[in-house]
Amino acid sequence: LIGAIRRKFSSYLAVLSIGMSALFSFSMIPDIYFGKAQFDLTVPWISNSIFQFGVLVDPLSVLMVSVITCIGFLVTVFSVAYMRDEPSLARFWFLIQLFIGGYVVIVMADNLLFMFIGWEIVGICCTGLAAFWYKDTKKAHIGLKTFLILHVSDVLLLASMLIIYAYSHTLNITELSKNSNWMTELSRSGLLFITALMFFGGAVGKAAQFPLQEWLPDALAA
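Residues numbered from 1 in each chain as written. Predicted model: local features only at pLDDT ≥ 70, side-chain atom pairs only at ≥ 80, totals over all residues. Heavy atoms only, no water.

## Some details on the overall build of the protein chain
Here is step 1: Regarding its fold elements, the protein chain presents 11 helices and 2 strands.
Here is step 2: Each helix and strand of the protein chain, placed in order from N terminus to C terminus, yields the pattern α-α-α-β-β-α-α-α-α-α-α-α-α.
Here is step 3: Across its three principal directions, the C-alpha atoms of the protein chain cover 60 × 45 × 30 Å.
Here is step 4: Here the protein chain holds 222 residues, and the buried ones make up 39% of them.
Here is step 5: Total accessible area on the protein chain stands at roughly 12,800 Å², and carbon and sulfur atoms take up 72% of it.
Here is step 6: Side-chain charges of the protein chain comprise 13 positive and 13 negative groups, with the mean position of each set lying 12 Å from the other. (Helix = DSSP H or I, 4+ residues; strand = E, 2+ residues; numbered from the N terminus. Buried < 20%, exposed > 50% of the residue type's maximum accessible area, 1.4 Å probe, protein only. Areas by Shrake-Rupley, 256 points an atom, 1.4 Å probe, with all protein chains shown as cover. Lys, Arg positive; Asp, Glu negative; His and termini not counted. Charge placed at Lys NZ, Arg CZ, Asp CG, Glu CD.)

Written out as structure tokens, the structure reads:
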């Protein structure tokens with residue numbers, strides 16, 4: 001909407017919003033530094049639901065969200081000039097901001113299902129950016145290739161989450177870390193290694209590691 005008023009305003013808004021995200025991320029560092037090492041802010045998604053979606057603030061999540069927003073801000077500043085003459089500028093900024101937002105959800109979610117929502121947001125944005133110049137048939141096909149390969153790993157991750165839930169009856173990361181009985185039951189059933197392997201398979205796809213690395217070189221070129 002802002003881009004419709006004046007085209008370059010959408011670029012300024014993107015830089016401002018991601019810059020604010022970086023500042024908010026850095027503002028959590030003093031809480032970690034002065035000993036407030038971990039606190040779980042849980043916001044219910046549905047009343048009386050078994051899924052309580054919220055954010056987990058601990059040293060690791062603060063470190064990762066600071067890295068994500070800082071690098072995202074630098075990429076955004078660089079892109080202002082690089083994409084200056086692009087006709088679909090508003091669509092580009094929409095994908096970039098959603099992409100960074102998805103990563104923030106992944107590293108700060110206190111629930112595996114909430115994390116998976118961020119995971120899917122990032123995957124959709126990867127597809128949209130890979131096929132950004134979709135009028136070129138080759139680049140449109142690269143977007144489809146990216147979508148298909150990423151969703152192989154997404155299915156593996158989702159399957160592992162469902163197995164974890166079946167044995168633990170929770171997807172809350174804090175509760176899973178405090179109670180290891182579900183891992184004992186998984187081990188007895190012979191599914192622990194398979195579940196861990198499938199969970200890791202999700203990361204393999206997103207990080208473009210072997211054997212699911214094929215999407216990244218083409219997507220970056222596109």
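## Focus: the pattern of salt bridges
Here is step 1: Applying the stated criterion across every chain, the model contains 4 salt bridges.
Here is step 2: Put simply, K206 and D154 hold a salt bridge, and the shortest N to O gap is 3.2 Å. Residue K206 is found in helix α10 (residues 192-206), and its partner D154 is found in helix α7 (residues 137-168); the two are separated by 52 residues along the sequence.
Here is step 3: Salt bridges sharing partners connect three or more residues here, namely K145, E214 and D218. (Salt bridge = Lys/Arg side-chain N within 4 Å of Asp/Glu carboxyl O.)

## Describing the packing of aromatic side chains
Here is step 1: Enumeration according to the criterion identifies 6 aromatic pairs in this entry.
Here is step 2: Between F92 and W93, the ring centres sit 5.1 Å apart and the planes meet at 65°, which makes this aromatic pair edge-to-face.
Here is step 3: Taking 5.1 Å as the distance between ring centres and 80° as the angle between the ring planes, the aromatic pair formed by F99 and Y103 counts as edge-to-face. Of this pair, F99 and Y103 both sit in helix α5 (residues 89-108), 4 residues apart, which is roughly one turn of that helix.
Here is step 4: The exposure class assigned to F99 is partly exposed, which follows from its relative accessible area of 21%.
Here is step 5: What links up through ring pairs into an aromatic cluster is the set F92, W93, F132 and W133. (Phe/Tyr/Trp six-rings, centres within 6.5 Å; stacked < 30°, edge-to-face > 60°.)

## With respect to the side chain of T76
Here is step 1: Positionally, T76 belongs in helix α4 (residues 59-82).
Here is step 2: Taking relative accessible area as the criterion, T76 reaches 1% and is therefore assigned buried.

## Notes on α7
Here is step 1: Compared with an ideal rise of 1.5 Å per residue, which puts 32 residues at 46 Å, α7 spans 46 Å between its outermost C-alpha atoms and is within 8% of the ideal.
Here is step 2: The N-cap residue of α7 is D136: its side-chain oxygen and the backbone nitrogen of K138 are 3.0 Å apart.
Here is step 3: A positive phi of about 60° marks H169, the residue just after α7. (Expected span 1.5 Å × (residues − 1). Polar contact = N/O pair within 3.5 Å; in protein donor to acceptor, adjacent residues only side chain to side chain.)

## A closer look at the packing of α5 against helix α6 (residues 112-130)
Here is step 1: It is at 8 Å that the axes of α5 and α6 come closest, and there the two elements cross at 150°. As judged from the angle between their axes, α5 and α6 are roughly antiparallel. Crossing of α5 over α6 shows left-handed handedness. Counting all contacts with α5, which are made through F92, L95, I96, L98, F99, G102, Y103, V105 and I106, the residues of α6 involved are F114, M115, G118, W119, I121, V122, C125, C126, G128 and L129.
Here is step 2: Its residues assigned to classes, the contact of α5 with α6 shows 16 nonpolar, 3 polar and no charged. (Axes fitted to C-alpha atoms, helices over the stretch in contact; angles between N-to-C directions. Parallel < 35°, antiparallel > 145°, perpendicular 65-115°, else oblique. Left-handed = near helix turned anticlockwise from the far one by under 90°. Contact = heavy atoms within 4.5 Å. Nonpolar A, V, L, I, M, F, W, Y, C, P; charged D, E, K, R; others polar.)

## Topic: the layout of surface pockets
Here is step 1: Its boundaries defined by the atoms lining it, the largest pocket holds a volume of some 1,400 Å³.
Here is step 2: Around the largest pocket sit 43 residues that line it, and F99, I100, Y103, V122 and C126 are the ones nearest its centre.
Here is step 3: With 12 residues, the single largest contributor to the lining of the largest pocket is α4. (1 Å grid on protein atoms, 1.4 Å probe; cavity = no way out; pocket = protein on both sides within 12 Å on 5 of 7 lines; lining within 4 Å. Points joined across faces, edges and corners; volume = space filled by probe spheres on them.)

## As for unusual backbone geometry
Here is step 1: Between F210 and the following residue, P211, the backbone shows a cis peptide bond with an omega angle of 5°.
Here is step 2: In this structure, P211 sits in the loop between α10 and α11 (215-221).
Here is step 3: We note that H169 has phi near 60°; this positive angle belongs to a residue other than glycine.
Here is step 4: Turning to its location among the elements, H169 is positioned in the loop between α7 and α8 (173-178).

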